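Letter by letter, the chains look like this.
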Amino acid sequence: MHILDPKQIADELPGWSGGDDFITKVFQFKDFASAFGFMSEIAIVAEAMNHHPSWYNVYNRVDVTLTTHDAGGVTEKDVTLARRMQQAAGRMEPAAG
């Protein structure tokens, strides 16, 4: 697998930032049910891809970190999953405020 530059990839994905070997984003939703719905939808996608995110959820917030562990960095798999997350989040009602 080809390793991509996480900072360059993050620049191409709205709201994402890049670290040494990962990309990360915080998604915020209107409530816990919406955040959980997002995670449920993405869990199905991730399982089908055999590519599982590192994520953390509290109330309406889902913190996501993506990296391809067996490649040692960010790959096209991470970019594909990040875009699917963007699409899923875009279909949901945003957080108030």
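As shown above, the structure is provided for reference.
Remember, it's a predicted structure, so these values are computed and weren't measured experimentally. (Residues numbered from 1 in each chain as written. Predicted model: local features only at pLDDT ≥ 70, side-chain atom pairs only at ≥ 80, totals over all residues. Heavy atoms only, no water.)

Focus on the overall build of the protein chain
Thinking step 1. Regarding its fold elements, the protein chain presents three helices and four strands.
Thinking step 2. If you list the helices and strands of the protein chain from N to C, you get α-β-β-α-β-β-α.
Thinking step 3. Here the C-alpha radius of gyration of the protein chain, 13 Å, is about what a compact globule of 97 residues would show, namely 13 Å.
Thinking step 4. Along the longest, intermediate and shortest principal axes, the C-alpha atoms of the protein chain span 40 × 25 × 20 Å.
Thinking step 5. Looking at the protein chain residue by residue over its 97 residues, the buried ones come to 37%.
Thinking step 6. Restricting the contact set of the protein chain to residue pairs at least 6 apart, pairs at least 24 apart contribute 64%.
Thinking step 7. Looking at the protein chain as shown, the accessible area adds up to about 5,600 Å², and 52% of this sits on carbon and sulfur atoms.
Thinking step 8. Side chains of the protein chain give 8 positive and 13 negative charges; the mean places of these two sets differ by 6 Å. (Helix = DSSP H or I, 4+ residues; strand = E, 2+ residues; numbered from the N terminus. Rg over C-alpha atoms; globule rule 2.2 N^0.38 Å. Buried < 20%, exposed > 50% of the residue type's maximum accessible area, 1.4 Å probe, protein only. Contact = heavy atoms within 4.5 Å. Areas by Shrake-Rupley, 256 points an atom, 1.4 Å probe, with all protein chains shown as cover. Lys, Arg positive; Asp, Glu negative; His and termini not counted. Charge placed at Lys NZ, Arg CZ, Asp CG, Glu CD.)

Structural notes on helix α3 (residues 76-90)
Note: α-helices contain 3.6 residues per turn, so residues at a spacing of three or four share the same orientation.
Thinking step 1. Across its 15 residues, α3 extends 21 Å between first and last C-alpha, which sits within 8% of the 21 Å expected from 1.5 Å per residue.
Thinking step 2. Taken as a whole, α3 has its buried residues at D78, V79, L81, A82, M85, A88 and A89.
Thinking step 3. The secondary structure elements touched by the buried residues of α3 are α1 (6-12), β2 (23-28), α2 (32-49), β3 (54-58) and β4 (61-66). (Expected span 1.5 Å × (residues − 1).)

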